[in-house]
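Chain by chain, the residues:
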Amino acid sequence: MDSNQVLAMKALPKSVVVIGGGVIGVEFAQFLIAMGTEVTIIEMLPGLVPGVDKEIATLLQKQLSATGVKVVTGAAVKGIAHKKTENTVTYTIGNKTETVTAEKVFLTVGRKPDFSLLSIDKVGVQHERGAIVVNEFMETNIPGIWAAGDVVGGIMLAHLASAEGECAVKNILGHREAMSYRAVPSCIYTTPEVASVGLTEEKAKEQGDIQVGRFP
Ligand SMILES: Cc1cc2nc3c(=O)[nH]c(=O)nc-3n(C[C@H](O)[C@H](O)[C@H](O)COP(=O)(O)OP(=O)(O)OC[C@H]3O[C@@H](n4cnc5c(N)ncnc54)[C@H](O)[C@@H]3O)c2cc1C
């Protein structure tokens, strides 16, 4: 299932394997465990929600585990064997091959821009590696056609899409303003919610000495 199919389910599955521990994976895992479904997340990278501040990602992982979500990280999914009432997911961790069986498998990875209904090729709008190409003013190669949000690829998050949309509209209205990716906020709608803006602690450290403040 993808996220649309999960939201369209008429009955709760007894168990789910969530492939991918990014934003969508953790949000749905938390929702499904709260509804009484057994949940296993399988993530290829060493930790959940890649790109998020490590300390916060670790807290989120602990929170998920504390509520009963089984989190497997550093694990690469190799295949899914489908039977009528259950599915077995095979994954490897290092040299070891493991399996986990669940009623449903929820694939959260591999989202990509979808402009299939827009017939952009007919007007010659340039696209590369599955995303519409825009300049720093969010304008495509065809004057008067602008694009913003998921269709231009990159980080596909809601507040980034809004910021790009605002930038495009400002330029359409005649202001000359380049899109700035320096301080776009992002949110993950888990409990607790995770919000961030600007550099992560790890990235800031690469730029010199920093002070870290913690507020309960
Ligand atoms: C399950 C899930 C969970 C997510 N969780 C988060 C999260 O926690 N935090 C976060 O920041 N982001 C999250 N995202 C990502 C976020 O939803 C997207 O990045 C954001 O919605 C992108 O906005 P957009 O305006 O570019 O595209 P969309 O929100 O997809 O809007 C595009 C709109 O255009 C319409 N459309 C398409 N084709 C046509 C056409 N031919 N004519 C007219 N209309 C058309 C579509 O119906 C749609 O309404 C999540 C995404 C998913 C799928």
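The model shown is predicted, which means the values in this text are computed figures rather than measured ones. (Residues numbered from 1 in each chain as written. Predicted model: local features only at pLDDT ≥ 70, side-chain atom pairs only at ≥ 80, totals over all residues. Heavy atoms only, no water.)

### Remarks on the domain arrangement of the protein chain
The accessible area lost on association of the parts is a frequent measure of interface size.
Point 1. Each assigned domain of the protein chain is listed here: domain 1 (3-107) and domain 2 (120-172).
Point 2. The C-alpha centroid of domain 2 is placed 32 Å from the C-alpha centroid of domain 1. (Domains from an automatic or database assignment.)

### Brief notes about the layout of surface pockets
Point 1. Of the voids in this model, the second largest pocket is the one considered here, and its volume is about 360 Å³.
Point 2. If you go around the second largest pocket, you meet 16 residues; those closest to its centre are Val49, Pro50, Gly51, Val52 and Lys54.
Point 3. Secondary structure elements with two or more residues in the lining of the second largest pocket: α3 (54-66) and α6 (201-205).
Point 4. Taken together, the residues of the lining of the second largest pocket break down into 7 nonpolar, 5 polar and 4 charged. (1 Å grid on protein atoms, 1.4 Å probe; cavity = no way out; pocket = protein on both sides within 12 Å on 5 of 7 lines; lining within 4 Å. Points joined across faces, edges and corners; volume = space filled by probe spheres on them. Helix = DSSP H or I, 4+ residues; strand = E, 2+ residues; numbered from the N terminus. Nonpolar A, V, L, I, M, F, W, Y, C, P; charged D, E, K, R; others polar.)

### Overview of the sheet that holds strand β5 (residues 87-93)
Point 1. Overall, antiparallel pairing links the 3 strands, which are arranged β4-β5-β6 in an open sheet. A single partner strand is all that each edge strand has here, and the edge strands are β4 (76-82) and β6 (96-102). Strand-to-strand, the axes of this sheet are offset by a mean angle of 20°, without reference to chain direction. (Pairing = 2+ DSSP bridges. Axes fitted to C-alpha atoms, helices over the stretch in contact; angles between N-to-C directions.)

### Overview of the pattern of salt bridges
Point 1. Overall, the coordinates contain 8 salt bridges when judged by the stated rule.
Point 2. Between Glu128 and Arg129 there is a salt bridge, with its nearest N and O atoms 3.8 Å apart.
Point 3. Across the salt bridge formed by Glu201 and Lys205, the nearest N and O atoms sit 2.9 Å from each other. Highlighted residues: Glu201 and Lys205, both in helix α6, separated by 4 residues, approximately one helical turn.
Point 4. Taking relative accessible area as the criterion, Glu201 reaches 17% and is therefore assigned buried. (Salt bridge = Lys/Arg side-chain N within 4 Å of Asp/Glu carboxyl O. Buried < 20%, exposed > 50% of the residue type's maximum accessible area, 1.4 Å probe, protein only.)

### Regarding the site of the ligand
Point 1. As a matter of local geometry, the ligand sits amid 16 residues, with Glu27, Asp150, Ala158, Cys187 and Tyr189 nearest to it.
Point 2. At 3.2 Å from an oxygen atom of the ligand is found a main-chain nitrogen or oxygen belonging to Met156.
Point 3. Contact between the ligand and Cys187: a nitrogen atom at 2.9 Å from a main-chain N or O atom of the residue.
Point 4. Considering the ligand on its own, with 990 Å² of exposed area, one finds that the protein chains cover 50% of that surface.
Point 5. Only α2 (23-34) and α5 (158-172) provide two or more residues apiece to the shell around the ligand.
Point 6. A per-element tally of the shell around the ligand places α2 first, with 4 residues.
Point 7. Partitioning the shell around the ligand into residue classes produces 11 nonpolar, 2 polar and 3 charged. (Near = heavy atom within 4 Å. Polar contact = N/O pair within 3.5 Å; in protein donor to acceptor, adjacent residues only side chain to side chain. Areas by Shrake-Rupley, 256 points an atom, 1.4 Å probe, with all protein chains shown as cover.)

### Here we look at the packing of aromatic side chains
Point 1. Tallied over the entire structure, the rule returns 1 aromatic pair.
Point 2. With centroids separated by 5.0 Å and ring planes inclined at 70°, the aromatic side chains of Phe28 and Phe106 adopt a geometry described as edge-to-face. With Phe28 in helix α2 and Phe106 in strand β7 (residues 104-107), the pair connects residues that are 78 residues apart, well separated along the chain. Each member of the pair, Phe28 as well as Phe106, carries the same accessibility label: buried. (Phe/Tyr/Trp six-rings, centres within 6.5 Å; stacked < 30°, edge-to-face > 60°.)

### Regarding the sheet that holds strand β2 (residues 38-42)
Backbone-to-backbone hydrogen bonds pair the strands of a sheet. The strands run either parallel or antiparallel.
Point 1. Ordered in space as β3-β2-β1-β7, the 4 strands form an open sheet in which the pairing is parallel. The open sheet has two edge strands with one neighbour each: β3 (70-72) and β7. Here the average twist between neighbouring strands, direction ignored, is 20°.
Point 2. Pairing analysis gives 4 bridges linking strand β1 (residues 15-19) to β7, with the strands arranged parallel. Residue pairing for β7: Val16 is matched across the bridge by Lys104.
Point 3. Running over the sheet, α2 touches β1, β2 and β7 and is turned about 165° from β2. (Contact = heavy atoms within 4.5 Å.)

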